[in-house]
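Given next are the chains, with one letter for each unit.
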Amino acid sequence: MPDHSPQTILFDHDLLFRLRTNGSQSLIVDFKKDSNPLEQIHQLSEYLLSHPPESLINVIPASCSVTLVFSKNVTANGHWQDFLTLALDTCRLIPIQTQTHTIGVCYQTQFPNKLATDINSVCEILQCTRPQLIEAHCSATYRVDMLGFLPGFAYLSGLPDALQLPRKSKPALKVPAGGVAIAEQYSAIYPVDSPGGWHLIGHTNFKVIDWHQSIFSPFKPLDRVQFVPISITEWAAQQTKDNR
Amino acid sequence: MSRWHIIKPGLSSTFQDAGRYNLAHLGIPVSGALDLPAAQYANRLLGNDINKAVIEITLTGLSFETECDCSIAITGAVFSCMRNGQIVDHEQTINLKTGDVFVMKQRLTGARAYLAVAGGFKIPQVLASQSTLVSAKLGGFQGRALKAADVIQLNQPQATPLRSIASWKRPKSQNIHVVRALAGPEYDFFDTYSQESVWQQAFEVTADCDRMGMRLHNKHDLHAMKTIASSGVIPGSLQVTPNGDSIMTLNDGQVTGGYPRILVVLPCQLPTLAQALPNDRLFFYRHR
């Protein structure tokens, strides 16, 4: 008689993820989009980073997949299928530590470096006033869905529907570090001066990256973010303090 | 003093080592020398640890004055080099004396040269690597490419015995490169015509190239029939944009991306891509 113990059914992950090869030394673990997999993705990533299988050199979590990169050849075979099934079971037991960051944003347009260059055009597109936009942007609690694009660049989900708009058709050549921007279903803070296609609606003195700290970015996956409006005077006072 | 004064920095000269790993989940690309075997070879010739930082020099040469006696090696792309105005043999390690001016003149073959010094450069480790990531102002020399008048500190410069560089380890002056690759993770999303033409047509390297990626020109458009959610992107992935253009991702490329990947080149072929010049043509050969 074959043994059909309840566990084998309970922990059957065949439908939970799919394995694809990504070149000769990388695997992609795909999760079903509709299964709301984000928490599992970050749990699995954290588990693999703390218990790396041999030759694993990078783990890249995204919105519905985890990409594993190795320093040796790998294939999407039964070995990895089994390994990941087991890892997914184990990693559920590890709680993810998250924290809430409250971040002051100055939504001023004029002084001194044109902090919020796109706020007027965004108001025009969204058919709202500036105070409405600021209120809506600060009313939401955001979640760090993933980090990417640039080091420390967090995709903050939770942007109210009323503020969602496509990226700019022509990216700006230079968005300043600390620029607070929105695009599609996300808000974000630019960690360094860089080109960028998101709409710039404010500026913060909150440091998203500091290479001199051992933990260089305060953002971790699934952290919460709350924006609060600050006046230009408060913003300027923070600037002077930071530069001292 | 053990240091060099940069006279001309070249188009884009950055410190690179073997790269930065286990940080991609925080948005940090691997970086590191694009032609890693060439960079390691330069170190090996001088008796250094092979994964020490070297200067990656792209397309145009660098020149400097040394304030100490030292031995150097240049691998990868071949430049004609001069010491105090005299042509020196680039096929071997080179000894320099205090006050010598070393100039890399005309580029002869390849795109990227690697300059190492015996004893190594005094460059801090940031996030466990000395590699420069210009886009994030991270690592290397102040997080940027070298500029004229920069002063570079050396660790413990020493004279090493002259060793010659095997000529077969130099990029040949060829303008057609065959690059072995596997079908990419989204290969099935492309129409049959694209799936066939990707292995048959020439991909011309455009001038739009840097350490993040190379934009390639393909005469026959590639067409994906589906869009994808963003996922992790590794160096060597050929991403196809909605208008049919192709972008080859390199070491400083963003760690996630939302364009479908029609192929991924074998890691051992990345040095070939690193040495390809604008207007060169690439053919992808399907590795099975």
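Nothing here was measured: the structure is a model prediction, and the numbers come from that model.

Q: Please clarify how the pairing of strand S5 (residues 70–83) of chain B should be interpreted in this entry.
A: Within a regular beta strand, the side chains point alternately toward one face of the sheet and then the other, so they alternate between its two faces. Residues and elements named next belong to chain B. Across the 14 residues of S5, 11 count as buried, placing the element largely inside the fold. Of the strand pairs in this sheet, S5 and strand S7 (residues 94–96) are connected by three bridges, and their pairing is antiparallel. Directly across from Ser 71, in S7, lies its bridge partner Asn 95. Summarising the sheet, S5 and strand S8 (residues 101–117) pair through 10 bridges and their orientation is antiparallel.

Q: How should I be thinking about the sheet that holds strand S4 (residues 65–70) of chain A in this particular structure?
A: Residue and element names in this part refer to chain A. Pairing is antiparallel in the open sheet, where four strands are placed in the order S1-S2-S4-S3. Of all the strands in the sheet, just strand S1 (17–21) and strand S3 (56–61) have a single pairing partner and so form its edges. Averaged over all adjacent pairs, the angle separating strand axes in this sheet is 20°, with direction ignored. As defined by bridge partners, S1 adjoins strand S2 (residues 26–31) across five bridges and the pair is classed as antiparallel.

Q: Would you mind going over the packing of aromatic side chains with me for this structure?
A: Any two aromatic rings considered together are summarised by their centre-to-centre distance and by the angle between their planes. As enumerated under the stated definition, the model contains 18 aromatic pairs over all chains in all. Relative to Tyr 190 of chain A, the ring of Phe 149 of chain A lies with its centre 6.3 Å away and its plane at 90°, an arrangement referred to as edge-to-face. With Phe 149 of chain A in the loop between strand S6 (141–147) and strand S7 (154–157) and Tyr 190 of chain A in the loop between strand S10 (186–189) and strand S11 (194–196), the pair connects residues that are 41 residues apart, well separated along the chain. Taking the centre distance of 5.3 Å and the plane angle of 75° together, the rings of Tyr 155 of chain A and Tyr 186 of chain A count as edge-to-face. Of this pair, Tyr 155 of chain A sits in strand S7 while Tyr 186 of chain A sits in strand S10, placing them 31 residues apart in sequence. Assigned by exposure class, Tyr 155 of chain A and Tyr 186 of chain A land together as buried. Lys 226 of chain B extends its terminal NZ or CZ atom over the ring of Phe 189 of chain B, reaching a point 4.4 Å from the ring centre.

Q: Explain the packing of helix H2 (residues 38–50) of chain A against helix H3 (residues 78–91) of chain A to me, please; I cannot follow it from the model alone.
A: Axes are the key here: two packed helices are described by the angle between their axes and the distance separating the axes. All names here are of chain A. In contact at an axis separation of 9 Å, H2 and H3 are set at 105° when each is read in the N-to-C sense. Between H2 and H3, the crossing angle belongs to the class labelled roughly perpendicular. Residues Gln 40, Gln 43, Leu 44, Tyr 47 and Leu 48 of H2 lie in contact with H3, whose contacting residues are Phe 83, Leu 84, Ala 87, Leu 88, Thr 90 and Cys 91. Taken together, the residues that form the contact of H2 with H3 break down as eight nonpolar, three polar and no charged.

About the thresholds
Residues numbered from 1 in each chain as written. Chains lettered and ligands numbered in written order. Predicted model: local features only at pLDDT ≥ 70, side-chain atom pairs only at ≥ 80, totals over all residues. Heavy atoms only, no water. Buried < 20%, exposed > 50% of the residue type's maximum accessible area, 1.4 Å probe, protein only. Helix = DSSP H or I, 4+ residues; strand = E, 2+ residues; numbered from the N terminus. Pairing = 2+ DSSP bridges. Axes fitted to C-alpha atoms, helices over the stretch in contact; angles between N-to-C directions. Phe/Tyr/Trp six-rings, centres within 6.5 Å; stacked < 30°, edge-to-face > 60°. Lys NZ or Arg CZ within 6 Å of the ring centre and 35° of its normal. Parallel < 35°, antiparallel > 145°, perpendicular 65-115°, else oblique. Contact = heavy atoms within 4.5 Å. Nonpolar A, V, L, I, M, F, W, Y, C, P; charged D, E, K, R; others polar.

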